[in-house]
Amino acid sequence: ITLPPLRRQSPNSLRNKEVPFVSHSTTKLRCQLSTQRPLIITKVKERTNDSALFNYLLSKYHYLGFKNTVGENLKYLVKNSSGTPLSCLLYCSAAWKTQPRDAFIGWNAEIRQKNLIYIANNARFLIFPWVNIENLASHLLSLISKRIGSDWMIKYGHPVYLLETFVDRSRFPGTSYKAAGWNNVGQTKGRTREDRHHSIKSSIKDIYLYPLSRRFRQELTCGH
């Protein structure tokens, strides 16, 4: 059997492609948050210098690594007033289902399938290893929560009413999320997004949620 010539590169090939190196400073920064203000929070656009830097730093220094994003997402790169990078945050599509979150919202499977687009998942949050600034993490979570609704609407044309994240309890106590007002609603069962056959084991994670609207339950359980 002779196959025809390849018409285009498979998009799945990007999953295993190494993220290109981007030069960056690792000079230790230990100071008070007040000395770094005003913080510059950039909504990262694809195929820009900020995008290349964001992708490399997240792939290099986050314990889960990073390759690429699939579906709706927002990337934020945070710099201090002098333009020195401090942190990056990635928000993307919500987990398909998780019992504690779904019980907290009070929706059924049919409504969840329809309204899941109104939840965003804080899939990555990284303060660079050489940055040591007290209260920076909780401060950034609070700042992003105030703007992500409008940013998501501008980019995708629909709102988000709830943020979620999964904190590996074997690594982190979730202090910054608690300080920023997120709610711990339970734990995962140790499975992943790809675990369709209940065979992939993963560490137990605490589930944190942050409502962006007082009416989040009504919005997430209505027919839209």
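Residues numbered from 1 in each chain as written. Predicted model: local features only at pLDDT ≥ 70, side-chain atom pairs only at ≥ 80, totals over all residues. Heavy atoms only, no water.

Caption draft 1: Representation of the sheet that holds strand β8 (residues 183-187). Here we have seven strands laid out as an open sheet, ordered β2-β3-β4-β5-β7-β9-β8, and mixed in their pairing. A single partner strand is all that each edge strand has here, and the edge strands are β2 (40-43) and β8. For this sheet, the mean inter-axis angle between neighbouring strands, taken without regard to orientation, is 25°. Inspection of the sheet shows β2 paired to strand β3 (residues 73-79) by four bridges, in the antiparallel sense. Across the sheet, the residue bridging to Ile 41 is Val 78, located in β3. Across the sheet, helix α1 (residues 49-61) touches β2, β3, β4 (85-93) and β5 (119-127), and the angle it forms with β3 is around 90°. Helix α4 (residues 136-156) rests against β2, β3, β4, β5, β7 (162-168) and β9 (205-211) of the sheet, and its axis sits at about 135° to β3. (Pairing = 2+ DSSP bridges. Helix = DSSP H or I, 4+ residues; strand = E, 2+ residues; numbered from the N terminus. Axes fitted to C-alpha atoms, helices over the stretch in contact; angles between N-to-C directions. Contact = heavy atoms within 4.5 Å.)

Caption draft 2: Highlighting the side chain of His 62. Along the chain, the position of His 62 falls in the loop between α1 and β3. Take His 62: its relative accessible area is 11%, and that puts it in the buried class. Side-chain polar atoms of His 62 contact the backbone nitrogen of Leu 64, separated by 3.1 Å. Residues contacting His 62, with those up to four places away along its chain left out, are Leu 57, Arg 124, Phe 125 and Leu 126. (Buried < 20%, exposed > 50% of the residue type's maximum accessible area, 1.4 Å probe, protein only. Polar contact = N/O pair within 3.5 Å; in protein donor to acceptor, adjacent residues only side chain to side chain.)

Caption draft 3: Inspection of the nonpolar core at higher detail. Ranked by internal contacts, the top residues of the largest apolar core, which has 42 residues, are Tyr 76, Leu 89, Tyr 91, Phe 128, Leu 136, Leu 141 and Ile 148. The greatest single-element share of this core, amounting to seven residues, is contributed by α4. In this structure, Leu 116, Ile 207, Leu 209 and Phe 216 belong to the second largest nonpolar core, which totals 13 residues. (Core = buried A, V, L, I, M, F, W, Y, C linked by side-chain atoms within 4.5 Å.)

Caption draft 4: Region of the structure containing the environment of Thr 69. Summarising the element assignment, Thr 69 is placed in the loop between α1 and β3. Residue Thr 69 is classed as partly exposed on the basis of its relative accessible area, which comes to 24%. Taking the C-alpha atoms as reference points, Thr 69 and Leu 90, separated by 21 residues in sequence, lie 9.2 Å from one another. Each residue touching Thr 69, except ones within four places of it in the same chain, is listed here: Lys 75 and Leu 90. Within the structure, Thr 69 has its side chain in polar contact with the side chain of Asn 73 (distance 3.3 Å).

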